[in-house]
Amino acid sequence: MDGTVLLYSILLVFCAFLIYSAFKKQRQYKKEGIKTIFSLNYDDKVIRIICILMLVFLILVSAAAIYNALYVLNLQGSEIFYLVVLPIMFMILYVPLAQKTKITTLGIIKRNNLIRWESIKGIDYTKPDSKGKQQASILYKAAYKDGKIHLNFMPNDEQLEMFKNAVKDYRSNKKNKNKENKNKENKNKENKNKDKKIEK
């Protein structure tokens, strides 16, 4: 197998896996009834602009490469397939990164990652800097260790108050639900232990 074709095949499998994982997450969120409360206008603005520019760059380079392959090099078969499919896959992966940070009923979605309300351990709000900008530093439970993200807000940004209200509403609701579930589990255990004692 040609080295280029092997590399393309590995990239294709890798991109397909990432797209499938993202699609699977989206389906799970929909099953849980996710709803977007609002999107942050200022947070990650630079990253979003870079991602949009990358998408435009990918489209232009891909179009030039396909034209060159078809009309100049006269390539056919698998090479044309990879030239078409791989850029499309990369574009699909870049689209979520170009989207705004979302505050949802399940948690905060930033760069296509969901941080659930119940996973958040603490939030620190920084004082306004010299330009009046503020940050919300969020500490949360990740798979293997604690993670941290920062949300950025403009001076006198009304979305900061909206975010604080969402945190109060949804974090408290999740905590209450978790307490209720734990209480139910403890009661069920107590009832089982009583039943066992009665049987004896």
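This is a predicted model, so every value here is computed, not measured. (Residues numbered from 1 in each chain as written. Predicted model: local features only at pLDDT ≥ 70, side-chain atom pairs only at ≥ 80, totals over all residues. Heavy atoms only, no water.)

J.: Account for the pattern of salt bridges, with residues named and values stated.
T.: Inspection of the entire model under this criterion finds six salt bridges. The residue Lys110 makes a salt bridge to Asp43 at a minimum N-O spacing of 3.3 Å. Of this pair, Lys110 sits in strand β3 (residues 107–110) while Asp43 sits in the loop between β1 (36–39) and α2 (45–71), placing them 67 residues apart in sequence. A relative accessible area of 9% places Lys110 in the buried class. The closest approach of N and O atoms between Glu161 and Lys164, which form a salt bridge, is 3.9 Å. Separated by three residues within a single helix, Glu161 and Lys164 lie in helix α4 (residues 158–199), roughly one turn from each other. Assessed through its relative accessible area of 45%, Glu161 is described here as partly exposed. In this structure Lys164 comes out as partly exposed when scored by relative accessible area, which is 23%. (Salt bridge = Lys/Arg side-chain N within 4 Å of Asp/Glu carboxyl O. Helix = DSSP H or I, 4+ residues; strand = E, 2+ residues; numbered from the N terminus. Buried < 20%, exposed > 50% of the residue type's maximum accessible area, 1.4 Å probe, protein only.)

J.: Talk me through the pairing of strand β7 (residues 146–153); I want residue IDs and the actual numbers.
T.: Taking every second residue as pointing to the same face, the buried face of β7 carries Gly147, Ile149, Leu151 and Phe153, while none of Asp146, Lys148, His150 and Asn152 on the other face is buried. Pairing geometry for strand β6 (residues 134–141) and β7, over eight bridges, is antiparallel. What sits directly across from Tyr140, in β7, is Gly147. (Pairing = 2+ DSSP bridges.)

J.: Give me the sheet that holds strand β5 (residues 120–125): which residues, what numbers.
T.: Taken in spatial order, the three strands of this open sheet run β5-β6-β7, and their pairing is antiparallel. The two strands at the open ends of the sheet, each matched to only one other strand, are β5 and β7. Between one strand axis and the next, the sheet turns through 20° on average, direction left out of account. (Axes fitted to C-alpha atoms, helices over the stretch in contact; angles between N-to-C directions.)

J.: Quick one: what's the story with the nonpolar core, residue by residue and with numbers?
T.: Among the nonpolar cores identified, the biggest contains 18 residues, and Ile103, Ile108, Ile120, Ile138, Leu151 and Phe163 are the most heavily contacted of them. Elements with a contribution of two residues or more to this core: β5, β6, β7 and α4. In terms of residue count, the dominant contributor to this core is α4 (four residues). If we skip the residues at most four places from it in the chain, Ile103 touches Lys35, Thr36, Ile37, Phe38, Leu40, Ile108, Trp117, Phe163 and Ala166. (Core = buried A, V, L, I, M, F, W, Y, C linked by side-chain atoms within 4.5 Å. Contact = heavy atoms within 4.5 Å.)

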